[in-house]
Amino acid sequence: FLSNFYLNTAISYQLSNSFKRLRYFPDSPYLPHVRTDVVKYLNNRPDLYLNSLQLDKLRKISNGHYLKLSAGMYEMMFGGYGIEYLWKPFALNLSLGLSLYQVKQRDFEQRLGFRDYEVDTGHANFIYFHPYTGLSIDLSVGKYLAGDKGYTFDVSRRFKSGFKMGAYFTRTNISKIEYGEGSFDKGFYFEMPFSFLRSDAEK
């Protein structure tokens, strides 16, 4: 609508799937099913469904200080509204962000409806980027979708080719018994741009 006021949306149509073969195993009987119901979303949505519908309003408060107001369907499982603040000095390779959201679980059909579960969630994020090595360190502290509180530590590196890889772990105030298998959340990830694949094929 304007340079600082815009709508992002994604609508998908599936030609075919084999999701009915997936089995449903909720991880923990002690916590809300904020992610483990993914099989129900895959099996109950129609062929034409709404991935996301997000309205954002950005504002520059002053040099290095920014604000965002947001509302909509943020992803497959949750929608709501919230506010974010970002401090990012131009001359420094670090930033500090604060976010606060009120979100509600979307219905399994992935349209405009909601289920009963809702929660306040918010985080403080500290990010440091080392320009010579492409290394990023991200520490996030706050309240998560299941209502638990804790922190996430993420380390990643982006190479000159555009390839990125990283690892993370999250610890919160829930016990190993409440969490279930694995004791706590952790994993690794990578991003591979098409330009990386093309340059490799040309060699």
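Attention now moves to a nonpolar patch on the surface. The grouping of Leu96, Phe126, Tyr128, Leu135, Ile137, Leu139, Val141, Tyr151 and Phe169 at the surface amounts to a nonpolar patch, some 670 Å² of accessible area in total. Contributing elements (two or more residues each) for the nonpolar patch: strand S6 (114-130) and strand S7 (135-143). Among the elements that make up the nonpolar patch, the one with the highest residue count is S7 (four residues). Along the chain, Leu135 falls in strand S7. For Leu135, a relative accessible area of 32% translates into the label partly exposed.

Moving on to the sheet that holds strand S4 (residues 78-87). Read across the sheet, ten strands follow the order S1-S2-S3-S4-S5-S6-S7-S8-S9-S10 without closing on themselves; strand pairing throughout is antiparallel. Each end of this open sheet is capped by a strand with a single partner; those strands are strand S1 (5-13) and strand S10 (185-191). Taken pair by pair, the neighbouring strands of this sheet meet at an average axis angle of 15°, ignoring direction. As paired elements, strand S2 (residues 48-62) and strand S3 (residues 65-73) share nine bridges and run antiparallel to each other. Residue Arg59 lies in a different strand from S3, and its bridge partner there is Leu67.

With that settled, the discussion passes to the pattern of salt bridges. Tallied over the entire structure, the rule returns three salt bridges. Between Arg35 and Glu75 there is a salt bridge, and its shortest N-O distance comes to 2.6 Å. Residue Arg35 is located in the loop between S1 and helix H1 (38-44), and its partner Glu75 is located in the loop between S3 and S4; the two are separated by 40 residues in the primary sequence. Its relative accessible area of 39% is what places Arg35 among the partly exposed residues. The partly exposed category is assigned to Glu75, whose relative accessible area is 24%. A salt bridge links Glu191 to Arg158, with the shortest nitrogen-to-oxygen separation between them at 3.3 Å. With a gap of 33 residues between them, Glu191 in strand S10 and Arg158 in strand S8 (residues 149-158) connect regions that are remote in the sequence.

With that settled, the discussion passes to the layout of surface pockets. Taken as a whole, the largest pocket encloses approximately 1400 Å³ of empty space. Lining the largest pocket are 48 residues, with Arg35, Thr121, His123, Tyr144 and Leu145 positioned closest to its centre. Elements supplying a minimum of two residues to the lining of the largest pocket: S2, S3, S4, strand S5 (94-106), S6, S7, strand S9 (164-172) and helix H2 (176-179). In terms of residues, the lining of the largest pocket owes the most to one element, S5, which gives six residues. The residue inventory of the lining of the largest pocket, partitioned by class, reads 20 nonpolar, 16 polar and twelve charged.

This part is about the packing of aromatic side chains. Working definition: an aromatic ring pair is given by the centre-to-centre distance plus the angle between the planes. As enumerated under the stated definition, the model contains seven aromatic pairs in all. Consider the rings of Tyr151 and Phe169, whose centres lie 6.1 Å apart with planes at 80°: the pair is edge-to-face. Taken together, the residues Tyr151 in strand S8 and Phe169 in strand S9 connect sequence positions 18 residues apart. Under the relative-accessibility criterion, Phe169 is labelled partly exposed at 31%. Ring centres of Phe153 and Phe169 lie 6.1 Å apart, and the angle between their planes is 50°; on these two criteria the pair is classed as tilted. With Phe153 in strand S8 and Phe169 in strand S9, this pair connects stretches of sequence that are 16 residues apart. On the basis of relative accessible area, Phe153 is assigned to the partly exposed category, the value being 29%. Stacked on the ring of Tyr49, the Lys or Arg Arg45 has its end atom at 3.9 Å from the ring centre. In this arrangement the basic side chain of Arg171 is found over the ring face of Phe184, its NZ or CZ atom lying 4.4 Å from the centre.

Our next topic: the pairing of S3. Joining the antiparallel neighbours S2 and S3 is a turn of two residues, in which Gly64 adopts a positive phi near 85°. Strand direction decides the pairing type here: S3 and S4, joined by nine bridges, are antiparallel. Within S4, the position partnered with Tyr66 by the bridge is Leu86. In sequence, S3 turns back onto S4 through a hairpin of four residues.

Rules of the game
Residues numbered from 1 in each chain as written. Predicted model: local features only at pLDDT ≥ 70, side-chain atom pairs only at ≥ 80, totals over all residues. Heavy atoms only, no water. Patch = residues over 30% accessible without salt bridge, like charges linked within 9 Å, V, L, I, M, F, W, Y side chains within 5 Å. Areas by Shrake-Rupley, 256 points an atom, 1.4 Å probe, with all protein chains shown as cover. Salt bridge = Lys/Arg side-chain N within 4 Å of Asp/Glu carboxyl O. Helix = DSSP H or I, 4+ residues; strand = E, 2+ residues; numbered from the N terminus. Buried < 20%, exposed > 50% of the residue type's maximum accessible area, 1.4 Å probe, protein only. Pairing = 2+ DSSP bridges. Axes fitted to C-alpha atoms, helices over the stretch in contact; angles between N-to-C directions. 1 Å grid on protein atoms, 1.4 Å probe; cavity = no way out; pocket = protein on both sides within 12 Å on 5 of 7 lines; lining within 4 Å. Points joined across faces, edges and corners; volume = space filled by probe spheres on them. Nonpolar A, V, L, I, M, F, W, Y, C, P; charged D, E, K, R; others polar. Phe/Tyr/Trp six-rings, centres within 6.5 Å; stacked < 30°, edge-to-face > 60°. Lys NZ or Arg CZ within 6 Å of the ring centre and 35° of its normal.

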